[in-house]
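Working through the structure, step by step
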Amino acid sequence: MHLVGRDKAQPMVLALFFWLVAGRGMADEPAKEGRLPRTAEGWSIRRVAAAPALEFPTALAAGPGVVYVASDPMDMPGPPTRPIDRILAVRDGQVSVFAESLWSVMGLEIIDDALYVVHAPYLSRLRDRDHDGKADERVDLVTGLGPKLPGFNGLNDHIAAGIRLGMDGFLYIAVGDKGIPRAVGKDGKTITLWGGGVIRVRPDGSNLQVVSSGERSPMSVAITASGELFSLGNDDDSNRWPCSLTHHILGGDYGYPYGFEKPYPTCLPILLGYKGGAGAQGIALEEDGLPEDYRGNLLFCDWGLQAVMRFELRPHGATFSAKRRDSIVVKGELEDFRPFSLALDPADGGIWLSDWAYGGWSASGTKAGRLYRLDYRGTDRKPRAPRPRLNEVAEQVAALDHPALSVRLEAQRKLSALGSKAFGPLRDRLKRAKPVIGRIHALWALDGIESADARKAIREVFADPQPEIRAQAAKWAGIRGDAASLPALQGLLSESDPVLRRESLIAIGQLGDSGAGPALYANLADADPVVAYCARQAIRRVKAWDENILVDVLMNPKRSQQALLLVDGVYEKPVVEALVSVLGKTDDPTLRLRALEILAGLYRKPAEWDGRWYGPDPLSKPEPPHDREWSEDVMARILDGIRMGTTDAQCDIRLRAVELASSLGRASLPILRDVFRNERDSEVFRASIRGVGLLGDSLTLKFLIKLVTSSETSTQDRLAALDALNHSRDVQALRARVGIVFDEKAPGDLVAEAIPSLARGGFLPTADLSRFLVHTDPRVRLAALLSLRIHEKLAEDVEIQVLDLLDDPAPDVRRAAYLAVSALGLESALPRLIEEARKPDSPDRWAAIWSCCRMPHPRAAEIYLAALEHRDPILRNAAEHALDALRGRIDPQLLASFKAAHSPASERALERATAVFEPIQGWRVLGPFPRTTPLELLTD
């Protein structure tokens, strides 16, 4: 599970570690019993249940007289590989077990007498048939709902989580970025979701679909009165992807982990991002009894910020923007308050809130968790409308206009279940103009009847004056695949309302008729970016690939940017042919450059997903390779296009074409050889040198050797040739590289470039490297120093040479020497390090302190103590580790004087460093490394 302020939580093993090392236990729990989180003005909170009666609560669902609470020991004390979760029922403060032997329960939803449970890898429906308070029927509606193993990587976070029922009759499920390799619905339909997003399925387990992708770890879906979907996800360990408030649309991709940072992102943006939190589950406030300015707001738990967040949204084109963000509940004096999930009580509009009480357990296995009740008591509270009984058709139709969404949804379901008996009243209600919300529910109630007359009645509203109704009809046509609606949908693409255009484009894409291509291309340059995105997705979905149309839109200045986004990543022959054609026709250099880049990206398809999670910090690793070949003739056409780029009139385009050719593999060698032979621009020529070298071209090897060894060749060309030869295993190439190093007339930067690769390959032992530690060129001294092997004991004369570099006149060499002496374990350097660390104005003070911390020694204790207050967190952390390694070896008087003279924050840091961790013998902050690792690798 997620770390504090990061993800959902870690398994109990890590939880115990964090709290035991902090000296925390259950000693203060009795004092907490009377404490409550602090609420915003107008709100009240009370605790309803707590551990041990209720333990490790996650998802919630509220029904008449009962609130169901997921109890998740699987993710807390564990084990995380057995179905040990339960669902508790809380009635009048009394807690009982409703169901058990479940996997990690992260989502609950009630529909009539059934409880729907997301416990990856299952979506199950539970019922209490004999009304004894316990589930006696379980039907698994979806299997494979998540990683191949429930205990995937020993964790169970980043998986399928919160579930909500939409007015369109689908259950919407948030899925974390471990994704779904292969889920199977009750009707046999399968889906795959690489990464996080939202999926949906009918309550009977049929029609399983992917809604959106490219999110990190959304934990629930909040659905508004008009059916809009939102989630609040977590940031990643790189802090480049934030806690994300996302508006999910069908077919939407939000770019995580690799797409959102690209120079030309083809994904949709999130609505709002912030750092430091950990978004959990939430709801949309669509019940009555609250002030009007709360209507339609989103409430989400933020486990990391220890708050229940409120987001007020406003329409912004085809999507929304965040008008307001604040909190309605914060931790107050309750330090271990960790809110996770919310549920609206349909009976009275109150809100149930689960709290993990994270940190409130001890090694003895004491349970933790709380359930709260939130109510709005402000003077501006609106009176709640009476709850209808919903026994008669007239009551049910009237209830479609009720201010509470729960009442409207129940009435809608009852009317759909009546079938033809409800058709007439529903058709009449759909035709009546106001209130609009009742018309929307009437439309979806008609959809639930599934008759020809009902479909005809819905199609009639395509001519309705209200855009909200037409948008819902468009959504219906896409869901039902109603081909008869296609002409009407195409007509809606010229409407002024962006939401209406958005839903029409999505629906046309679902219908899959490539004949709609011209209408879709007409909307490619829509002024609303979300609508333009939907146009691109619709074209891709219906496969409306026409070379002539593509060339026209690519050449059209008003459409070219959107057209480039459209074809980026599309592996279709007409797309490739259109891009190659544009290269020969357009006078726009920017268009030619982008066409080349897109063509190169299409040369190979990306690797197929093997179902593995890419981890909490995927951006620290390269994007998965594009390594699958596809059509040979199309790949050959791509190379034709790249060749055209290498002969372009503009140098910058030729340069980029050469770089792209170098990335495509040996099939591009003929192109690079031609450039190598014919290019006159020096920068492009050098790029071709690097390319043939990178691809190991034996035909150009002798020319490269001649370049690198010729004193008449420019230094820049020699450097490029040397870089190329570094990739070769040829003996002649090796001799040329070694010859450069020992050539007294060779330029210093060339020697410096040759040394590291030879050292890494084992061709320059330490005895040879040492002669370069005293070279006249500081670049050579630096290269030699950083090429020393960090676990190889140095001879005494070499050690002296390294120590002398602490006084080198070149700052880069000097600071590298500080790194070297600690990495090499040269304790003889400590007196000098301590001396330099004591100088407040020394430019090398930071490096000296850092190096001291890497070699813990009692003589440097005062340096470590002072570093505890340094503004750099990395340095503070290094000092704590150094002090930890010296536990019991530091002068007590020094410790006492430090505590008396310095800040409480430093004192707490010292206590953690000296009392928490076990001593680490021979600690190295960057180790361990293989024996042959050169120092240069530590500087990257």
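Residues numbered from 1 in each chain as written. Predicted model: local features only at pLDDT ≥ 70, side-chain atom pairs only at ≥ 80, totals over all residues. Heavy atoms only, no water.

1. Considering the overall build of the chain
We count it as follows: For the purposes of this entry, the term helix denotes a DSSP run of H or I that reaches at least four residues, the term strand denotes a run of E that reaches at least two, and both are numbered from the N terminus. In this scheme, a residue with accessible area under 20% of its type's maximum is buried, one over 50% is exposed, and one in between is partly exposed, where area comes from a 1.4 Å probe on protein chains only. The criterion used for residue contact is that any of the two residues' heavy atoms lie within 4.5 Å. Using a 1.4 Å probe, the Shrake-Rupley method yields the accessible areas, and only the shown protein chains count as cover for residues.
A count of helical and extended segments in the chain gives 34 helices and 30 strands. For the chain, the proportion of its 940 residues judged to be buried stands at 56%. Look at the contacts in the chain between residues 6 or more apart in sequence, and 61% of them connect residues 24 or more apart. Counting every atom, the chain has about 38,400 Å² of accessible surface; 51% of that belongs to carbon and sulfur.

2. Things to note about the packing of aromatic side chains
Using the following cut-off: The rule is short: rings of Phe, Tyr and Trp, with Trp giving its six-membered ring, pair when the centres are within 6.5 Å, and they are stacked under 30 degrees, edge-to-face over 60, tilted in between. Each ring is checked for a lysine NZ or an arginine CZ that lies within 6 Å of its centre and within 35 degrees of its normal; such an atom marks a charge sitting over the ring.
In this structure the tally under the stated criterion is 21 aromatic pairs. A ring pair is formed by F300 and F311, whose centres lie 6.5 Å apart and whose planes are at 65°; its orientation type is edge-to-face. Here F311 lies in strand β24 (residues 307–316) and F300 lies in strand β23 (residues 298–302), a separation of eleven residues in the sequence. Per residue, the accessibility class of F300 equals that of F311, and both read buried. Considering the side-chain rings of F676 and F685, the 5.5 Å spacing of their centres and the 20° angle between planes classify their relative orientation as stacked. The class of F685 is buried, set by a relative accessible area of 15%. An aromatic cluster is built from W194, W241, Y256, Y258, F260 and Y614, whose rings are joined through pairwise contacts. R202 extends its terminal NZ or CZ atom over the ring of F170, reaching a point 3.9 Å from the ring centre.

3. Examining the environment of G146
Tracing the backbone shows G146 in the loop between β10 (137–143) and β11 (160–165). In this structure G146 comes out as buried when scored by relative accessible area, which is 4%. Ignoring anything within four residues of it in the chain, the contact list for G146 reads G179, I180 and P181.

4. Considerations on the sheet that holds strand β15 (residues 196–201)
Put simply, the rule is: Only strands joined by at least two bridges in the DSSP assignment are considered to pair.
The strand order β11-β12-β15-β16-β20 describes an open sheet built from five strands, whose pairing is mixed. Edge positions in the open sheet fall to β11 and β20 (252–253), since each of these has one partner strand only. Taken together, the four bridges between β15 and strand β16 (residues 209–215) define a ladder with antiparallel strand orientation. What sits directly across from I199, in β16, is V210.

5. Some points on the pattern of salt bridges
Put simply, the rule reads: What makes a salt bridge here is a side-chain nitrogen of Lys or Arg within 4 Å of a carboxyl oxygen of Asp or Glu, nothing more.
Inspection of the entire model under this criterion finds 60 salt bridges. For R387, the salt bridge is made with E287, and the minimal N-O distance between the two is 3.5 Å. With R387 in the loop between β28 (370–376) and α3 (393–399) and E287 in the loop between β22 (279–284) and β23, this pair connects stretches of sequence that are 100 residues apart. Given the relative accessible area of 29%, R387 is considered partly exposed. The closest approach of N and O atoms between D568 and R594, which form a salt bridge, is 3.9 Å.

6. With respect to helix α26 (residues 778–786)
An α-helix turns once per 3.6 residues; consequently, residues spaced three or four apart project the same way. Rules: Counting of polar contacts relies on pairs of N or O atoms within 3.5 Å, with two restrictions inside protein: one atom must be capable of donating a hydrogen and the other of accepting it, and residues adjacent in sequence are counted only when both atoms are side-chain atoms.
Along α26, the residues that are buried comprise V780, R781, A783, A784, L785 and L786. On its buried side, α26 packs onto α24 (748–760), α25 (766–770), α27 (796–804) and α28 (811–823). Of the residues flanking the start of α26, the one acting as N-cap is D777, its side-chain oxygen 2.8 Å from the backbone nitrogen of R779.

7. Some words on the side chain of R737
Convention followed: Charge convention: Lys and Arg are scored as positive, Asp and Glu as negative, and His as well as the terminal groups of each chain are ignored.
Among the structural elements, R737 can be located in helix α23 (residues 731–741). Salt bridges are absent for the buried R737, whose nearest opposite-charge side chain, E753, sits at 9.2 Å. Reaching out from R737, the side chain makes a polar contact with the side chain of N726 at a distance of 3.0 Å. In this structure R737 touches L722, L725, N726, S728, A754, S757 and L758, once residues within four positions along its chain are discounted.

8. What to know about unusual backbone geometry
Of note, the bond from A51 into P52 is cis; its omega dihedral lies within 30 degrees of zero at 10°. Mapping P52 onto the fold places it in the loop between β2 (43–50) and β3 (57–63). The step from K434 to P435 runs through a cis peptide bond, and the omega angle for that step is -10°. Residue position: P435 is located in the loop between α5 (423–431) and α6 (436–449). Positive phi, normally seen in glycine, also occurs at H158, with a value near 60°. Its identity is not glycine, yet Q306 carries a phi of approximately 55°, on the positive side.

9. Observations concerning the pairing of strand β7 (residues 104–111)
Where burial is concerned, most of β7 is hidden: eight out of the eight residues are buried. Pairing of β7 with strand β8 (residues 114–120) involves seven bridges; the strand directions are antiparallel. Bridge pairing in β8 links G107 to V118. If you look at the hairpin formed by β7 and β8, you'll find two residues sitting between the two strands, and D112 has a positive phi there, around 55°.

10. Topic: the pairing of strand β4 (residues 66–71)
Here β4 lies mainly inside the structure; six of its six residues are buried. On β4, burial covers both faces: V66, Y68 and A70 on one face and V67, V69 and S71 on the other are all buried. Two strands pair when backbone bridges link them, and β3 and β4 are joined in this way by five bridges, in the antiparallel orientation. Bridged to A61 within β4 is Y68.

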